[in-house]
Amino acid sequence: METNVIIMIISYLIFFTMFIAMPFRQKKIIQQAGKEVLKIHKKISALYVLVFMLGFLIIAISVINNFSIMIQFVFCACALLGEEIAMREFMFSGRHGLYENGFILGGMYVPYDQIRAFPVLALPKDEQENYDKTSLVISTEKRGNVSFPFADEEECKKVTEKLFEINPQFSKLI
């Protein structure tokens, strides 16, 4: 069997394994998060379906066009990375919010014990004016600084206040 076909088969196996594992990953993370405290409304996009289809097609095209092994590997890796990002977004769509043990925003779950700082909120008030008021920037243990955008300034403020209400120890981080 040709190497290109083997790479394609392995890529599709990973693709379908990720797809099949999605509900189990979702259930595990929701259990870790605990009870929902504040729901955050985010638009559910149909873009996820498009990314799924494109990822599937990119893997097939990489074999049909008979690219070199390295180029095919890069194509397949990019397709699988796109699938992972789209699946994470899809998995958490409709579940964005603050929970007892962490929050789910932007396709990721962040446990409260991983939060190390609120870099923008720690700045003096006049310097905070230079930053986007519709985003909450959080410094985490594993991901570094992460920015979470909201629909408007009011929603961002509401989420931030609730976050500090749930975890009073966060006031020491600013």
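Everything numeric in this text was worked out from a predicted model, so none of it was measured. (Residues numbered from 1 in each chain as written. Predicted model: local features only at pLDDT ≥ 70, side-chain atom pairs only at ≥ 80, totals over all residues. Heavy atoms only, no water.)

**Thoughts on the sheet that holds strand β4 (residues 108-111)**
Here's step 1: Spatially, the four strands line up as an open sheet ordered β1-β2-β3-β4, and their pairing is antiparallel. Either end of the sheet is taken by a strand with one partner, and the two such strands are β1 (36-39) and β4. Ignoring strand direction, the axes of neighbouring strands in this sheet form an average angle of 15°.
Here's step 2: As judged from the three bridges shared by β1 and strand β2 (residues 97-99), these two strands associate in the antiparallel manner. From the neighbouring strand, L38 faces β2, where its bridge partner is L98.
Here's step 3: Contacts from helix α5 (residues 153-166) reach β1, β2 and β3 (102-105) within the one sheet, and its direction differs from that of β1 by about 165°. (Pairing = 2+ DSSP bridges. Helix = DSSP H or I, 4+ residues; strand = E, 2+ residues; numbered from the N terminus. Axes fitted to C-alpha atoms, helices over the stretch in contact; angles between N-to-C directions. Contact = heavy atoms within 4.5 Å.)

**Looking at the packing of helix α1 (residues 3-33) against helix α2 (residues 47-64)**
Here's step 1: Following both chains from N to C, one finds α1 and α2 inclined at 165°, their axes separated by 9 Å at the closest point. Judged on the interaxial angle alone, α2 and α1 are roughly antiparallel. The two elements α1 and α2 cross, and the hand of that crossing is left-handed. For the pair α1 and α2, the contacting residues are N4, M8, S11, Y12, F15 and F16 in the first and F52, F56, I59, A60 and V63 in the second. (Parallel < 35°, antiparallel > 145°, perpendicular 65-115°, else oblique. Left-handed = near helix turned anticlockwise from the far one by under 90°.)

**Description of the layout of surface pockets**
Here's step 1: Its boundaries defined by the atoms lining it, the largest pocket holds a volume of some 510 Å³.
Here's step 2: In terms of lining, the largest pocket is formed by 18 residues, of which the most central are L121, Q128, K133, E153 and C156.
Here's step 3: When contributions to the lining of the largest pocket are tallied by element, the ones reaching two or more residues are α4 (125-128), β6 (135-140) and α5.
Here's step 4: Ranked by the residues each element gives to the lining of the largest pocket, the list is headed by α5, at five residues.
Here's step 5: Along the lines of polarity and charge, the residues of the lining of the largest pocket split into eight nonpolar, three polar and seven charged.
Here's step 6: Taken as a whole, the second largest pocket holds about 220 Å³ of empty space. (1 Å grid on protein atoms, 1.4 Å probe; cavity = no way out; pocket = protein on both sides within 12 Å on 5 of 7 lines; lining within 4 Å. Points joined across faces, edges and corners; volume = space filled by probe spheres on them. Nonpolar A, V, L, I, M, F, W, Y, C, P; charged D, E, K, R; others polar.)

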